[in-house]
Every structure is written in structure tokens, then in C-alpha cells.
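The residues making up each chain are set out below.
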Amino acid sequence: RGQIFKDMLKDENLVSDGLVETGKRPTTVKTRIICDNQQLLRVDQEIEEYLSEELEHALIDKIFSVIDSRKIDAIIFQDYDKGVITPLLIDRIIGFANKKSIPIFVDPKKRNFSKYKNITLFKPNFKELITGLNIDIDKKDFNSVFNAAKLLHKQGAFKLVLITLSELGILVSDGKNYHVVPAEVRDVADVSGAGDTVIATVALGFLSGLSSKQIAVLANLAGGIVCEKAGVFPIEKELLLKENFILPED
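The notes below deal with the structure included here. Nothing here was measured: the structure is a model prediction, and the numbers come from that model.

Parameters at a glance
Residues numbered from 1 in each chain as written. Predicted model: local features only at pLDDT ≥ 70, side-chain atom pairs only at ≥ 80, totals over all residues. Heavy atoms only, no water. Helix = DSSP H or I, 4+ residues; strand = E, 2+ residues; numbered from the N terminus. Rg over C-alpha atoms; globule rule 2.2 N^0.38 Å. Contact = heavy atoms within 4.5 Å. Areas by Shrake-Rupley, 256 points an atom, 1.4 Å probe, with all protein chains shown as cover. Buried < 20%, exposed > 50% of the residue type's maximum accessible area, 1.4 Å probe, protein only. Pairing = 2+ DSSP bridges. Right-handed = clockwise from strand over helix to strand, strands pointing away. Phe/Tyr/Trp six-rings, centres within 6.5 Å; stacked < 30°, edge-to-face > 60°. Lys NZ or Arg CZ within 6 Å of the ring centre and 35° of its normal. Salt bridge = Lys/Arg side-chain N within 4 Å of Asp/Glu carboxyl O. Patch = residues over 30% accessible without salt bridge, like charges linked within 9 Å, V, L, I, M, F, W, Y side chains within 5 Å. Core = buried A, V, L, I, M, F, W, Y, C linked by side-chain atoms within 4.5 Å.

### So, the overall build of the protein chain
Okay, so step 1: Summing up its helical and strand segments, the protein chain has eight helices and eight strands in all.
Okay, so step 2: A globule of 250 residues ought to have a C-alpha radius of gyration of about 18 Å, and the protein chain, at 18 Å, matches this closely.
Okay, so step 3: Based on the C-alpha atoms only, the size of the protein chain along its principal axes is roughly 50 × 45 × 35 Å.
Okay, so step 4: The long-range fraction of contacts in the protein chain, counting pairs at least 24 apart against all pairs at least 6 apart in sequence, stands at 61%.
Okay, so step 5: Here the protein chain displays about 14,300 Å² of accessible surface, and carbon together with sulfur accounts for 51% of that area.

### Considering the pairing of strand 3 (residues 75–78)
Okay, so step 1: A one-sided burial pattern is seen for strand 3, the buried positions being Ile75 and Phe77 and the unburied ones Ile76 and Gln78.
Okay, so step 2: Inspection of the sheet shows strand 3 paired to strand 4 (residues 104–107) by four bridges, in the parallel sense. Paired with Ile75 across the strands is Ile104, a residue of strand 4.
Okay, so step 3: In this fold, the crossover linking strand 3 to strand 4 by way of helix 3 (residues 87–99) has right-handed handedness.

### Topic: the pairing of strand 4
Okay, so step 1: Every second residue of strand 4 is oriented toward a common face, with Ile104 and Val106 on one face and Phe105 and Asp107 on the other, all of them buried.
Okay, so step 2: Sheet topology note: the strand 4/strand 5 (residues 121–122) ladder contains two bridges and is parallel. Pairing of Val106 across the sheet is with Phe122, part of strand 5.

### Digging into the packing of aromatic side chains
Okay, so step 1: In the structure shown here, the tally under the stated rule is seven aromatic pairs.
Okay, so step 2: On the numbers, 5.5 Å between centres and 75° between planes, the contact of Phe105 with Phe206 is edge-to-face. Highlighted residues: Phe105 in strand 4 and Phe206 in helix 6 (residues 194–207), separated in sequence by 101 residues.
Okay, so step 3: Look at Phe206 and you get partly exposed, because its relative accessible area is 29%.
Okay, so step 4: Ring geometry for Phe122 and Phe158: centres 4.5 Å apart, planes at 15°, overall stacked. Linking Phe122 in strand 5 with Phe158 in the loop between helix 5 (142–156) and strand 6 (160–164), this pair joins segments that are 36 residues apart in sequence. As far as the burial class goes, Phe122 and Phe158 line up, both buried.
Okay, so step 5: One aromatic cluster in this structure is built from Phe77, Phe113, Tyr116, Phe122 and Phe158.
Okay, so step 6: Taking NZ or CZ as reference, Lys30 lies 4.7 Å from the ring centre of Tyr80, over its face.

### Digging into unusual backbone geometry
As a rule of thumb, non-glycine residues mostly have phi less than zero, and peptide bonds are mostly trans rather than cis.
Okay, so step 1: One non-glycine residue, Asn13, lies in positive phi territory at about 60°.
Okay, so step 2: In this structure, Asn13 sits in the loop between helix 1 (2–11) and strand 1 (29–35).

### Side note on the pattern of salt bridges
Okay, so step 1: If you walk through the whole model with that rule in mind, you get 12 salt bridges.
Okay, so step 2: Lys6 is paired through a salt bridge with Glu21; the nearest N and O atoms lie 2.9 Å apart. You can see Lys6 sitting in helix 1 and its partner Glu21 sitting in the loop between helix 1 and strand 1, a full 15 residues away along the chain.
Okay, so step 3: We note a salt bridge from Lys24 to Glu54, for which the minimum N-O separation is 3.2 Å.

### So, a nonpolar patch on the surface
Okay, so step 1: A contiguous nonpolar surface patch, about 350 Å² in accessible area, is contributed by Ile33, Leu40, Leu41 and Val43.
Okay, so step 2: Sorting elements by how many residues they give to the nonpolar patch places strand 2 (residues 38–45) first, with three residues.
Okay, so step 3: Mapped onto the secondary structure, Ile33 falls in strand 1.

### Concerning the side chain of Lys139
Okay, so step 1: Checked against the element boundaries, Lys139 lands in the loop between helix 4 (126–133) and helix 5.
Okay, so step 2: Residue Lys139 is classed as buried on the basis of its relative accessible area, which comes to 19%.
Okay, so step 3: Those residues in contact with Lys139 that lie beyond four places of it in its chain are Phe126, Val145, Leu165, Ser166, Glu167 and Leu168.

### Focus: the nonpolar core
Note that soluble globular proteins tend to have their nonpolar side chains buried in a common cluster.
Okay, so step 1: Counting residues in each nonpolar core, the largest one holds 36 residues, and the members touching the most others are Phe77, Tyr116, Ile119, Phe122, Leu129, Leu152 and Ile163.
Okay, so step 2: Residue assignment for this core shows that the elements contributing at least two residues are helix 2 (53–69), strand 3, helix 3, strand 4, helix 4, helix 5 and strand 6.
Okay, so step 3: No other element matches helix 3, which puts six residues into this core.
Okay, so step 4: For Ile119, the residues in contact, after removing those within four places along its chain, are Ile94, Ile104, Val106, Gly156, Ala157, Phe158 and Lys159.

Next comes the structure, spelled out in C-alpha cells:
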């Protein structure tokens, strides 16, 4: 499986420098059951326990090596709670990145929710938000969602918090103000890759100098487009431009 993954990266002209190979842990395989271009269910073959200490340190060293040998514009933690991202890895990579002034973007899950500190942007969905903070609020009550976001700002020292609200869109906060971008009506075929698309678009928007409101609009658009496609679908710049969207003023 690992070699298949490396071959796929090569076919797409993507680097594999950051991979750590081991015979002690299988590569996750997701089997999707799709009917009429809609995903019905998914079966995963994987190990979810945290990495062994040996593999944990090997991965941390590998990431340090990549950061030192390349120009890194941003780091994204796309945490699927599969055990590869450990508390030690989070702490070491964030500390290393902050010393080099590299922006950090995090899409969290429950297990490591409270482990992320001192980052550029934190992007939970609504379920992760209320579970991670152990609160009970109405998703439609944007003021309450904003208050939860302010709590995240305080606890994690985040510059920006972006909360995806599924059918209600996206709320983005800088700790003092918030803005809600409504969801667009689309024919949802498959949500695979939506979270990846949103956090990647957010990082690109930030690095391009967009405001938090503009970032939310662009990410909301990209996430909506990918949900219309069956399977994991990359969003290209040309595809976004075809939408003829207009970014709001700051």
C-alpha cells in the first residue's frame, strides 16, 4: 500500500520527501461504496493508536529535515485522528515553525483538539467545536458561536478561528469581530475531500494577503464545488474563476 501511494504521488508530480516508511504500521485504505455518484458509506482499514515512540521521533525528524531543506510558506495540520499526529509532534512542529515564522493552519479532531496553541488559524466544524469545548449551543445562534470562537482565541492564542457550519456556511472570527458566509445551494454528491479543500484554500488565501472575510468566501466556494464531485476532486484555479464570484471589500 505504501508503495502504491508513493507511485500515485509520483504520477501527480507530488513530492514524497516527508514520508516515513515502516513495516510495523499499515497505510490507511478507505473503501467508498458509491451509487449514482453519491457515497453511501465508507469502510476504513487502519490502525488508530498513536505512533510508537520510534516512529513518532522518526516522523518529527523527517518533518524538521523538510522544513530546513525547503522554502516552506505554510504548514497545515489536517488531523484525522488516525494516531499519526501526536501531542509531542504537535508541540515540536509548532515550536519549530514559530521560530521560523511559518504560518500554521489546523483542521482539528477531538483527541488533539486542545493540544494546538499559538497558531495562525484553527478550523473546527460545529460538532468539533461543541465537543471540544464541552458546550451546548444552537448552530443558528451566530452570537453564541462567536462567543465560543472567542473562547478558542483565548485558550489557544489563535489569530483566526474559522468554523464550518455545514448547511449554514462558514463563520470566521479574529477575536473581536466575526463574519458569516452563507452556504451556497448545490447538489451534494460526495463530501470526500471537502475539509482538505477548505483548509488548503484558507492557507492559500491567507498567504495571498486576503482578509479573513475574503478567505471565508473563497474557502466556502471551493468547499461547495468539491462536494458536487464524486470522489476526491482537486480544485483548480480555473474552476474557481468559472464561478464568476466577487470577493467582498475588507
